[in-house]
Amino acid sequence: TQQRTVRGALIGCGFFAENQMRAWRDLHEMGKGVEIVALCDRDPQRLAYFRDLFGVEAAYTEAETLFAAFAGELDFVDIATTTPSHAALVPLAARHGVDIICQKPFAGSLENASRLIAQCSASRVSLGIHENFRWQHAVRQTIETLRSGRIGRPFFGRISYRSGFDVYAAQPYLARAERFILEDLGIHVLDIARALFGEVARLSCETTRINAAIAGEDVATLMLQHDDGITSVVDCSYATRLADDPFPQSLIEVDGVHGSLRLRQDFVLEIHDTGGHCVVQTVRPEPPAWSESPWVPIQASVLAFQADWLEAYRQNRPIETRGEDNYNTLALVEAAYEAAATHQSVIPERWN
Ligand code: NAD
Ligand code: 89V
């Protein structure tokens, strides 16, 4: 039997949303039964660009107008705008009874995050956060190898993201943000830390700014103590000069009681056992036809995330990075800023 087509609207036709639209189109062409039927961007030029590029005629500069025009006809909305707009767009979508995917960081404060989760829950719509780093193929393979028990109980981890890639060219708002690397990138790396090692009991953090042309911090180094007694180090930098820049790869080390994992640059996963043997796996992402260097791992992860969201929607199961779960990632970012300001270790808040 043919499955019903799940109908969505995209709000925010900016830089990153192009990946999301291409991934929805891939899923549509793969016969997965999903379609973006309406677009919204308050910038008429971006809206026209997406309308023409993706052939979606229903295009609106106001989200209210879109929801009014499609009353009862939408299953979900994909909110791909930057964070300040989420506080109004998420409740608006919830009031219209559609399931919601919202880009990270889904709220600018934990108070706002709680409010959005509560509003979605009261409206009986799901709130899924578009957090894709844990869906990068190499990262996912590392998570799954750890979860399989192959190296036994982990006791130490390191997730390292160090690059000098010019992220400000495509995302100029990043250069103006008072809070930069922890809020934009650290959030992804901290989410990987949670996916690998679970919730965090306390953390410490130091930050600095190397690039004088930006407003926020571009280097952050954190130590996390997880509930299960695992210690992890998360380090991020957009000020690291390397001839062979790994952007946008996260490199991972995990030491377990029965072996160790090393996710090396260029998608090499080493699995070391207690006998001194090492199995080397290539964990390179399958590049979507539209992907382009150096964004391939992220672009492939957008497809993987959206495919999982769609499957979850059909199975009526919550996704891993639902609002309640992602609240705890957001709480690590908040705790990191507090730790960096006070030079004290901080107990992060947690969704109860
Ligand atoms: P962008 O500024 O290029 O795009 C945002 C778009 O949203 C703009 O076109 C803007 O006009 C539109 N917009 C803003 N408020 C609106 C509103 N109320 N109604 C309708 N349209 C509105 O930003 P971007 O770089 O595409 O980033 C968007 C989000 O995606 C950010 O939250 C960012 O952190 C996130 N992002 C995620 C990843 C990832 O998943 N790995 C990568 C890059 C960016
Ligand atoms: O994934 C992101 O959120 C991007 C980047 C990789 C540039 O940090 O903003």
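Residues numbered from 1 in each chain as written. Chains lettered and ligands numbered in written order. Predicted model: local features only at pLDDT ≥ 70, side-chain atom pairs only at ≥ 80, totals over all residues.

A.B. asks: What exactly am I supposed to notice about the site of ligand 2 here?
C.D. replies: Taken together, V167, Q171, D184, L185, H188 and P248 make up all the residues around ligand 2. Tallied by class, the residues present in the shell around ligand 2 amount to 3 nonpolar, 2 polar and 1 charged. (Near = placed C-beta within 6 Å. Nonpolar A, V, L, I, M, F, W, Y, C, P; charged D, E, K, R; others polar.)

A.B. asks: Quick question: what am I supposed to make of the nonpolar core here?
C.D. replies: A general trend in soluble globular proteins is that nonpolar side chains are found buried together. Residues A9, V90, I100, L203 and A336 are the most contacted members of the largest nonpolar core, which totals 96 residues. In terms of residue count, helix α8 (residues 181–197) provides more of this core than any other element does, 11 residues in total. In this structure, this core is formed jointly by two domains, domain 1 (6–130) and domain 2 (136–284 + 322–342), each of which donates at least three residues. (Core = buried A, V, L, I, M, F, W, Y, C linked by C-beta atoms within 7 Å. Buried ≥ 20, exposed ≤ 12 C-beta atoms within 10 Å, placed from the backbone. Helix = DSSP H or I, 4+ residues; strand = E, 2+ residues; numbered from the N terminus. Domains from an automatic or database assignment.)

A.B. asks: Mind showing me how you'd approach the domain arrangement of the chain here?
C.D. replies: Accessible area lost upon the coming together of the parts serves often as the stated size of an interface. Under the domain assignment, the chain is made up of domain 1 (6–130) and domain 2 (136–284 + 322–342). Its C-alpha centre places domain 1 at a distance of 28 Å from the equivalent point of domain 2. Taken together, the contacts link 15 residues of domain 1 with 13 residues of domain 2. Secondary structure elements with two or more residues in the side of domain 1 that touches domain 2: α5 (110–122) and β6 (127–130). In terms of residue count, α5 provides more of the side of domain 1 that touches domain 2 than any other element does, 5 residues in total. (Contact = placed C-beta atoms within 7 Å.)

A.B. asks: So what exactly am I meant to see when it comes to the pairing of strand β12 (residues 259–264) here?
C.D. replies: As a general feature of sheets, a regular strand has side chains that alternate between the two faces. Burial along β12 is one-sided: the face carrying G259, L261 and L263 is buried and the face carrying S260, R262 and R264 is not. Sheet topology places strand β11 (residues 251–256) next to β12; 5 bridges connect them, and they run antiparallel. Across the sheet, the residue bridging to G256 is G259, located in β12. One ladder, built from 6 bridges, connects β12 with strand β13 (residues 268–273); its direction is antiparallel. Paired with R262 across the two strands is E270, which belongs to β13. The hairpin formed by β12 and β13 contains 3 residues between the paired strands, and D266 there has a positive phi angle of roughly 70°. (Pairing = 2+ DSSP bridges.)

A.B. asks: Hey, could you run me through the packing of α8 against helix α10 (residues 323–342) in this one?
C.D. replies: In a pair of packed helices, the angle between the axes and the distance between the axes together describe the arrangement. Their axes nearest at 9 Å, the elements α8 and α10 cross at an angle of 120°. Considered as vectors, α8 and α10 are oriented oblique to each other. Both α8 and α10 take part in a crossing whose hand is right-handed. Packed against α8, whose contacting residues are L182, E183, G186, I187, L190, D191 and R194, the element α10 presents N328, T329, L332, V333, A336 and Y337 at the interface. Class assignment of the residues belonging to the contact of α8 with α10 gives a composition of 7 nonpolar, 3 polar and 3 charged. (Axes fitted to C-alpha atoms, helices over the stretch in contact; angles between N-to-C directions. Parallel < 35°, antiparallel > 145°, perpendicular 65-115°, else oblique. Left-handed = near helix turned anticlockwise from the far one by under 90°.)

A.B. asks: Explanation requested: the sheet that holds β6 in the structure shown.
C.D. replies: Each strand in a sheet pairs with another by means of backbone hydrogen bonds, the pair being arranged parallel or else antiparallel. Read across the sheet, 6 strands follow the order β3-β2-β1-β4-β5-β6 without closing on themselves; strand pairing throughout is parallel. Looking at strand neighbours, the two that pair on one side only are β3 (59–60) and β6, the edges of this open sheet. Across 4 bridges, the pairing between strand β5 (residues 99–103) and β6 is parallel. Looking at the pairing, I100 lines up with L127 of β6.

A.B. asks: Got a minute to help me understand the pairing of β6 in this structure?
C.D. replies: Side chains of β6 alternate between two faces, with L127 and I129 and G128 and H130 buried alike. Regarding the hand of the β-α-β motif, the stretch spanning β5, α5 and β6 is right-handed. (Right-handed = clockwise from strand over helix to strand, strands pointing away.)

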